[in-house]
Amino acid sequence: MGLTIGLLLALSFVVSLFALAFLIWAVSSRQMSFDQAQARTIFVAGEEGRPDDPGTAPETDEKVPHHYDPARAGIDSVSARPVTALLASAVSWLVLGSLFGLTASLKLHWPDWLDSAAWLTFGRVRTLHLTLVIYGWSSLGLIAIVMWVAPRMFHTKLRHPNLPIIGAVLWNVALVVGTVAIANGWTDGEEWLEIPWQVDILLAVAGSFFVLPLLRTAAARNVRHIYVTGWYWMAAICWFPVLFVVANVPYVFMGAEQATVNWWFAHNVLGLWLTPLAVGAGYYFIPKIIGKPIYSYSLSLLGFWALALFYSQVGIHHLIGGPVPTWVVTLSIVHSVMMFVPVIAVAINQHVTVAQNSWALKTSVPLRFISLGAVCYTLASFQGSVGAIRSINTVVHFTQYTVGHAHLGAYAFVSFTLFGAIYHMMPRVTGRAWPWPRTITLHFWLVVAGFGIYFFSLTIGGVFQGLAMLDATRPFEDSVTLLKPYLEGRSVGGALMTAGHLLFSAHFTAMLLRRSPEVPHPAPMATTPAVAA
Amino acid sequence: MNRILPLGILALAILAFATLLLVIVPGMQIRAQPATPGLQPYTQMELRGRQSYVSQGCVYCHSQQPRIPDQAPDGERGWGRAAVASDYAYDSPHLLGTMRTGPDLLNVGARLPSRDWQLAHLYQPRSISPWSIMPAYPFLFTVKDRAAPGDVVVAVPAGQGPRNGVVVAKPEALDLVAYLLSLDRTMPAPVNGERDDGYARIKR
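Thresholds applied
Residues numbered from 1 in each chain as written. Chains lettered and ligands numbered in written order. Predicted model: local features only at pLDDT ≥ 70, side-chain atom pairs only at ≥ 80, totals over all residues. Helix = DSSP H or I, 4+ residues; strand = E, 2+ residues; numbered from the N terminus. Buried ≥ 20, exposed ≤ 12 C-beta atoms within 10 Å, placed from the backbone. Contact = placed C-beta atoms within 7 Å. Nonpolar A, V, L, I, M, F, W, Y, C, P; charged D, E, K, R; others polar. pLDDT = per-residue confidence, 0-100. Core = buried A, V, L, I, M, F, W, Y, C linked by C-beta atoms within 7 Å. UniProt positions renumbered as here; feature names shortened; annotations may be inferred. Pairing = 2+ DSSP bridges. Bend = angle between axes of the 7 residues up to and from the residue. Axes fitted to C-alpha atoms, helices over the stretch in contact; angles between N-to-C directions. Parallel < 35°, antiparallel > 145°, perpendicular 65-115°, else oblique. Left-handed = near helix turned anticlockwise from the far one by under 90°. Expected span 1.5 Å × (residues − 1).

In this section: the overall build of chain B. Of the regular secondary structure elements, chain B holds five helices and two strands. Written out in order from the N terminus, the α and β elements of chain B read α-α-α-α-β-β-α. Taken over 204 residues, chain B has a buried fraction of 45%. Sequence separation of at least 24 residues holds for 75% of the intrachain contacts in chain B that already meet a minimum separation of 6.

Structure representation (structure tokens):
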């Protein structure tokens, strides 16, 4: 123990020295000077002050995008094919992943349903749900957003636009192989890391086909300043490959140590991958749709670095009360609580911007999706910080409450953001309006109502389950039987969410199959990049 | 921020720092401890059964990490003493779990040591515990007209089995039960065992 504390103290000292050196460099090279004007990087001349809602608001007669920018049209036409390939893949995985999720949910209260084959057992169906919605839907969908927005933000066309298409094909092949492997019982066996490591090699190769074009595009940018969205995205595409490769290296870790690697990885998939990608998307789409810059640009700097520092160390709160050293558990709890800092910074920026322009929520369903997603990020993070505190954690740790919490983050935050972004992007990607605009509102209410039922069922049921397990005078049986109505409620919510996803995928497919009128606008005049804004 | 390279370097440095604290230093502490005295490595049959436990996804409902009495009544429920890191010296992949839809299983071999009970429970959990929501695993068994020599016949409670014939355990079921019965950490924990003692109340 003495050695550990001494080591940690020495380490803190060295790290502080490095941080100080970096701070001096950053101040002296004016990396830290901020002004609100930089928040306007995302607009081209004439865009600011006008809401941007292409072809999704049925109330308005405007069928033509309000502002036509030939240079950006040149940028968009390069990104359109890779973005379409990525989104079509993501939406397919969403449908399959949702069906597996609904099946798993039903099996928990109908345990004798579909029990004749191993691939239909709860343990495999649940795993397929998580794997497909995280690596298929969320990751590919968010990468598609990055491929679309980053070139627009950097005022230059996407470099190597064919690589992401190859990447999408390889990624899909890897996921199909992974799905078949898990369904047949071939798994690495750790949560979030079930895809066999042999298949993970293909995923890693595919991932590099996404990272390389983005880095090249960022390096060739025509704006001096990198907008806040760019910090989150550039950091995320550095973090995730490292996390994924280290956590999947086989035969290195054993036992309790392997558990720390497992949760270091699994929480960082949320914290350093899905979260920065989706928060960055919010930082772009919210001001873009409203037509006004975010509330406080300098606050976004604090939010970003605090997220990097604190979120990277929260993972071991999954092992509270477990067989790992006390100090590392406590470290993760402290960092979990510190997450209030970056979350409040993002909340002030995003929610105040929306609240000051609440009129936009009435006209723009994409903004409704994205700002509700941002609210759910705040709520999920607050809930996570509180849930890591020992006295709360001991009740909810091994219960369905955790599943509800995970879905508040990974579904209500990430997926709502994705839905909104896709509804906003696709008219520009395809050059067509959405064929059935009214179903967008229906989709919104299906998934919002479904998720509400889902979340409150599991949260309330999970607390009762945890209290029953902590009470030594009650048999274990009580914690199972009391949960049943809540599990049924969760299935109702999950069915509504799945219905929303089927509607969404049908609408998406109809748009790709050209069931909607083409939006008339002139062909791109040039593919040369715009000059610095 | 106006530069990509410093952003990437600092972002990766922060991740490296987190990795050092969450993985490398605790890993050094955990590796410094020998396996709990009395803990046996798994046999080939138990390892096959463990692989089956992994591939069926048992870990998604069953934890393998009893906690200290100051935190939770795991011991009173018969789930065993609080686990320490060295109890898992032979475990890969680890199966600590994050959910207790079903009970903790780190000591199920000591708590429910009957092979017949385990086989019948795997074949149809509700034949033993009507309230259970555990999946049944009929595909780990075959139904035969009559048992051949060497067959292990499952003692399915009356009315719960097939109308005709007997239920015979496939080798996979026997391996899985061998693994479950090997789950026994009732030997005393080493005094300096690593675990989260954050809930320990100070003894007067």
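Moving on, there is more to tell.
Our next topic: the overall build of chain A. On a plain count of helices and strands, chain A comes out with 17 helices and zero strands. Each principal axis of the C-alpha distribution contributes one length, and for chain A these read about 75 × 60 × 45 Å. The buried share of chain A, taken over its 533 residues, is 54%. Across chain A, contacts joining residues at least 24 apart in sequence account for 86% of those joining residues at least 6 apart.

Another aspect to go through is the interface of chain A and chain B. Listed by partner, the interface residues are 78 residues for chain A and 66 residues for chain B. For the side of chain A that touches chain B, the element with the highest residue contribution is helix H7 (residues 255–290) of chain A, accounting for 10 residues. Taken together, the residues that form the side of chain A that touches chain B break down as 40 nonpolar, 26 polar and 12 charged.

What follows concerns the confidence of the model for chain A. Residues and elements named next belong to chain A. Overall, the predicted model of chain A reaches an average pLDDT of 91, with 93% of residues at or above 70. Here helix H1 (residues 2–28) stands out as the least confident element of chain A, with mean pLDDT 79; helix H4 (residues 163–183) is the most confident, with 98. Predicted confidence for residues 57–66 stays below pLDDT 50, and this span has 16 contacts to residues more than four positions away or in other chains. Between residues 522–533, whose pLDDT stays under 50, and residues either more than four places distant or in other chains, the model counts 31 contacts.

A word on the nonpolar core. Residue and element names in this part refer to chain A. Grouped together as the largest cluster of nonpolar side chains are 202 residues, with contacts concentrated most on Leu86, Ala144, Val146, Ala235, Ala236 and Trp239. When residues of this core are assigned to their parent elements, the largest contribution, 22 residues, is made by H7. Aside from chain neighbours lying at most four places away, what touches Ala236 is Leu272, Trp273, Pro276 and Leu277.

Turning our eyes to something else, we now look at the UniProt feature "domain: Cytochrome oxidase subunit I profile" (unreviewed entry) in chain A. In the numbering used here, UniProt assigns the "domain: Cytochrome oxidase subunit I profile" (unreviewed entry) feature to residues 263–504 of chain A. Secondary structure content for residues 263–504 of chain A is 82% helix and 0% strand, while the C-alpha to C-alpha distance between its ends is 33 Å.

Turning our eyes to something else, we now look at the pairing of strand S2 (residues 166–169) of chain B. Residue and element names in this part refer to chain B. Residues Val167 and Ala169 of S2 are buried on one face, while the alternating residues Val166 and Val168, pointing to the opposite face, are not. Two strands pair when backbone bridges link them, and strand S1 (residues 141–144) and S2 are joined in this way by four bridges, in the antiparallel orientation. Opposite Phe141, over in S2, you have Ala169 as the bridge partner.

A cis amide bond links Ser92(B) to the next residue, Pro93(B), at an omega of -5 degrees. In this structure, Leu114(A) is a non-glycine residue whose phi angle is positive, near 55 degrees. Even without being glycine, His160(A) reaches a positive phi, approximately 50 degrees. Taking the number of C-beta atoms within 10 Å as the measure of exposure, His160(A) has 14 and is therefore partly exposed.

So, about the environment of Met339(A). Residues and elements named next belong to chain A. Counting through the fold element by element, Met339 comes out in the loop between helix H9 (326–338) and helix H10 (340–355). Sequence separation of Met339 and Tyr401 is 62 residues, and the distance between their C-alpha atoms is 20 Å. Apart from the residues lying within four places of it in its own chain, the contact partners of Met339 are Phe310, Tyr311, Val314, Ser381, Gly384 and Ser385.

Under the local residue numbering, the UniProt record ascribes the feature "domain: Cytochrome c" (unreviewed entry) to residues 44–184 of chain B. The distance from the first to the last C-alpha atom of residues 44–184 of chain B is 17 Å, and the span holds 27% helix and 6% strand.

Attention now moves to helix H14 (residues 400–430) of chain A. Its axis deflected by about 30 degrees at His407(A), H14(A) carries its strongest bend there. Taken from the residues just after H14(A), Gly431(A) is the one with a positive phi, measuring 75 degrees.

Quick look at the packing of helix H6 (residues 228–248) of chain A against helix H8 (residues 297–311) of chain A now. All names here are of chain A. Remark: H6 packs on H8, axes separated minimally by 10 Å, with the N-to-C direction vectors making an angle of 10 degrees. Between H6 and H8, the interaxial angle falls into the category roughly parallel. Handedness of the crossing formed by H6 with H8: right-handed. From H6, Val228, Trp231, Tyr232 and Ala235 reach across to H8, where they touch Ser300, Phe304 and Ala308.

Turning next to helix H3 (residues 122–154) of chain A. The periodicity of an α-helix, 3.6 residues per turn, causes residues three or four positions apart to be oriented the same way. All names here are of chain A. The terminal C-alpha atoms of H3, which comprises 33 residues, lie 46 Å apart, in line with the 48 Å expected from a rise of 1.5 Å per residue. The axis of H3 is deflected most strongly, by about 35 degrees, at Val133. Counting buried positions along H3 gives 33 out of 33 residues, so the element sits mostly inside the fold. Directly beyond the C-terminal end of H3, a positive phi value near 55 degrees is found at His155.

Assignment of secondary structure puts Glu191(A) in the loop between H4 and helix H5 (197–219). C-beta crowding within 10 Å serves as the criterion here: with 21 such atoms nearby, Glu191(A) is assigned to the buried category. The spacing of Glu191(A) and Arg368(A) is 177 residues in sequence and 33 Å in space, taken between C-alpha atoms. Those residues within four positions of Glu191(A) in sequence are excluded, and the remaining contacts are Asn262(A), Ala266(A) and Thr98(B).

A few words now on the packing of H6(A) against H7(A). Residues and elements named next belong to chain A. Packing of H6 against H7 leaves a shortest axis separation of 8 Å and a crossing angle of 160 degrees. Judged by the angle between their axes, H6 and H7 are roughly antiparallel. Here H6 runs over H7; the crossing is left-handed. Residues Val228, Thr229, Tyr232, Trp233, Ala235, Ala236, Trp239, Phe240, Leu243 and Ala247 of H6 touch H7, and the partners they reach there are Val261, Phe265, Asn268, Leu272, Trp273, Pro276, Leu277, Val279, Gly280, Tyr283 and Tyr284.

Okay, the confidence of the model for chain B next. Summary statistics for chain B give a mean pLDDT of 94 and a share of 99% for residues scoring 70 or more. Taken together, the chains of this predicted complex give a pTM of 0.93 and an interface ipTM of 0.95.

Turning our attention to the environment of Thr217(A). Residues and elements named next belong to chain A. Within the secondary structure layout, Thr217 lies in helix H5. Taking the number of C-beta atoms within 10 Å as the measure of exposure, Thr217 has 24 and is therefore buried. For the pair Thr217 and Arg159, spaced 58 residues apart in the sequence, the C-alpha separation amounts to 5.4 Å. Sequence-distant contacts of Thr217, defined by excluding residues within four places in its chain, comprise Ala150, Pro151, Phe154, Thr156, Leu158 and Arg159.

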